[in-house]
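Descriptive structure summary
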Amino acid sequence: MTTSPGLLLLLLLLLLVQPREGATSQEAVVCAGTACYSAHWGKLSADDAQLHCDKKGGNLATLKSEEEARHVQGTLAQLLQPGAPLAERMGRFWIGLQRDKGKCLDSDLPLKGFRWVDGVEDTPYTNWHKEAKNSCISKRCVSLLLDLSTPALASRLSKWAEGPCGSPRSPGNSVEGFVCKFSFKGMCRPLALGGPGQVTYTTPFQATSSTLQAVPFGSMAHVACGDKDESQQPYFLCKEKAPNVFEWNSSGPLCISPKLGCDFNNGGCEQDCFEGGDGSFRCGCRPGYRLLDDLVSCASRNPCSSSPCGGGATCVPVQLGKDFRCHCPPGYQLDLTGRDCVDVDECQDAPCTQECVNTPGSFRCECWVGYEPGGPGEGACQDVDECAPGRSPCAQGCTNTIGSFSCSCEDGYILAGEEGTQCLDLDECEGQGARRCGSLCLNTEGSFRCGCLPGWELAPDGVSCTGGPTSPAPSAGTPQVQDTGDGEGEPVSSATASSPTGDPEGTSETTWVVPTTGRSSLPRHVRTSLAPPEMLVPSGTLGGWSPVGPLATPGQRESTGDDFTAKHSDSGTDGQKLLLFYILGTVVAILLLLALALGLLVYRKRRAKREEKEKPKNAADSYAWVPERAESRAAENPYSPTPGTDC
């Protein structure tokens, strides 16, 4: 007996993929519609699981509808049925729903910002176990939660759980496997057996099964009849006979038995089986149906009776009831299969004047920021007047522009705030601004005033200072206010000032005059600045000074508020207080230094005494030294009448 190499290779493949007896199957397959789903055991990361599916021509499974979710659940139910019961724990099986790193959670969308591996982001069906975690720093993947201790039911859909996608070294403790999806042009019906035998299907993605309810295009079927040897076991291939028509390259029932006839599996016929007198039989169909070319299957004479169109499409019979065509409602179009409808993106044709938002089956127009929808007879979007009364966000001036606005401030103010809508008073007397006045510069809300030192008066130009007439004052250093009868007064100071022109008399009494509106003192919040010395130079007038440089006119920077009067007594009192604070601060600092020096001296004295007491004593300190005598006088003459003499 000769066997072809192709047959040997196929048999070897079947032996390799068959599960061991008594062991749990490593995969399960369910085919329906135009797709097949395969469930696999394996602790892999989501990326490795996707790579495994991709090598066989598929992707991790997508669950875009409840029907598709039921197909996947049926695959998992097949995977858990063989073998002994597993331990009580929850297992996770990867599916093709992921969220890339850097993309955050979007609670307003059904998929929460996730998207399927085929790129689709907007599908209505979801089955979340709990709210997804709002994390943007890492990739997140979705898996199906399955209780491994109880048999899986196809009617009980598994919940979705999101989490880390795992890594090759650490796929995740609860990850048990994954589900793949393979799409095809079409499916063939299962082969019909008219007698004892078994059909084994081998799919293009290398899965084998004998229980497929639909066999994908390109699959091979191996038929083993009970009363025939292996050399007579035929192989069949699922082919595309016509556009969207897929059939096996065989006709009639397989493994027929004349002894059994129609008694075994209805002779392999889908509907009716008719026996002949010689032990033969044939298949037939009920009224309203017709027999297909495989001489086994029946199809309705109305091609739309089986509802072949999906996705909201309507089936319309054509060619005298031999074929059908699917039609989609407005806003949808047929997909590549010609049987399902997909949404049309109307925004690609730019139907809106500004912003277009696509919706399922339709679209809507929106306006940009700064615009609002127009009324009847107006344009689609019209400009919003942000400066209208009651709507202006600006503190002072507001100018409306097309689609926006701009804020402005009056003279003496500058724009401030994060959005540039507030106005802040400009201090004209700060820094170089003091040069605006000949002597003193007084900042006011939105403007400024010029003033003069004691002994000077403000010139008619309101900027420079000139020497004024002297007038005696009741007390030195105390300003007086003269009432002119019209509510205005002039503070008069009796302080003396040196004559700028070198008057030989040395001093003369002068008057400090500042315009006022009845208020006798300068508010504390008004900033006062003294013009730099170089601004004042001697003038031709005796006792007068004239300003140098750019000056303001009397009418410039006028404020509508009250005028202020600077009083010499206030400045003198403030100066005395400041001097007193300086003196007290100096005295306190000197006292602190003296206390520190005294403490240091006491410490050093105590330390010296302590070191003197602790100094070790010398043994020679207990003895007294005798003065040395000369050797010539060491021995006295005993015969000398006078001791100590030789004679």
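Okay, so let's go over this structure. (Residues numbered from 1 in each chain as written. Predicted model: local features only at pLDDT ≥ 70, side-chain atom pairs only at ≥ 80, totals over all residues. Heavy atoms only, no water.)

Describing the overall build of the protein
Each helix and strand counted, the protein has four helices and 42 strands in total. By element, 54% of the accessible surface of the protein is carried by carbon and sulfur atoms, the whole surface being about 39,500 Å². (Helix = DSSP H or I, 4+ residues; strand = E, 2+ residues; numbered from the N terminus. Areas by Shrake-Rupley, 256 points an atom, 1.4 Å probe, with all protein chains shown as cover.)

Describing the side chain of Arg-140
You can see Arg-140 is positioned in strand E6 (residues 140-147). Here Glu-162 takes part through its side chain, which lies 2.9 Å from a polar atom of the side chain of Arg-140. For Arg-140, the residues in contact, after removing those within four places along its chain, are Gln-98, Arg-99, Phe-114, Lys-133, Glu-162, Gly-163, Pro-164 and Cys-165. (Polar contact = N/O pair within 3.5 Å; in protein donor to acceptor, adjacent residues only side chain to side chain. Contact = heavy atoms within 4.5 Å.)

Some points on the nonpolar core
Within the largest apolar cluster, 35 residues are counted, with the highest numbers of intra-cluster contacts made by Trp-94, Leu-191, Tyr-201, Val-223 and Trp-248. Taken together, the elements giving at least two residues each to this core come down to strand E1 (27-32), helix H2 (46-55), strand E8 (175-183), strand E9 (187-188), strand E10 (197-202), strand E13 (220-225), strand E14 (235-242) and strand E15 (245-248). It is E8 that contributes the most residues to this core, four residues altogether. Among residues more than four places away in sequence, those in contact with Tyr-201 are Pro-190, Leu-191, Ala-207, Thr-208, Ser-209, Ser-210, Leu-212, Val-215, Met-220, Ala-221 and Trp-248. Counting residues in hydrophobic clusters, the runner-up holds 29 residues, among them Ala-39, Leu-111, Trp-128 and Val-179. (Core = buried A, V, L, I, M, F, W, Y, C linked by side-chain atoms within 4.5 Å. Buried < 20%, exposed > 50% of the residue type's maximum accessible area, 1.4 Å probe, protein only.)

What about a nonpolar patch on the surface?
On the surface, a nonpolar cluster with roughly 1,100 Å² of combined accessible area is contributed by Leu-578, Leu-579, Leu-580, Phe-581, Tyr-582, Ile-583, Leu-584, Val-587, Ile-590, Leu-591 and Leu-594. With respect to the helices and strands, the residue Val-587 is situated in helix H4 (residues 568-613). (Patch = residues over 30% accessible without salt bridge, like charges linked within 9 Å, V, L, I, M, F, W, Y side chains within 5 Å. Salt bridge = Lys/Arg side-chain N within 4 Å of Asp/Glu carboxyl O.)

With respect to the sheet that holds E15
The strand order across the open sheet built from five strands is E11-E10-E13-E14-E15, with neighbouring strands paired in antiparallel fashion. This sheet does not close on itself; its edge strands, each paired only once, are strand E11 (208-209) and E15. Note: E13 against E14, three bridges, orientation antiparallel. Bridged to Ala-221 within E14 is Phe-236. (Pairing = 2+ DSSP bridges.)

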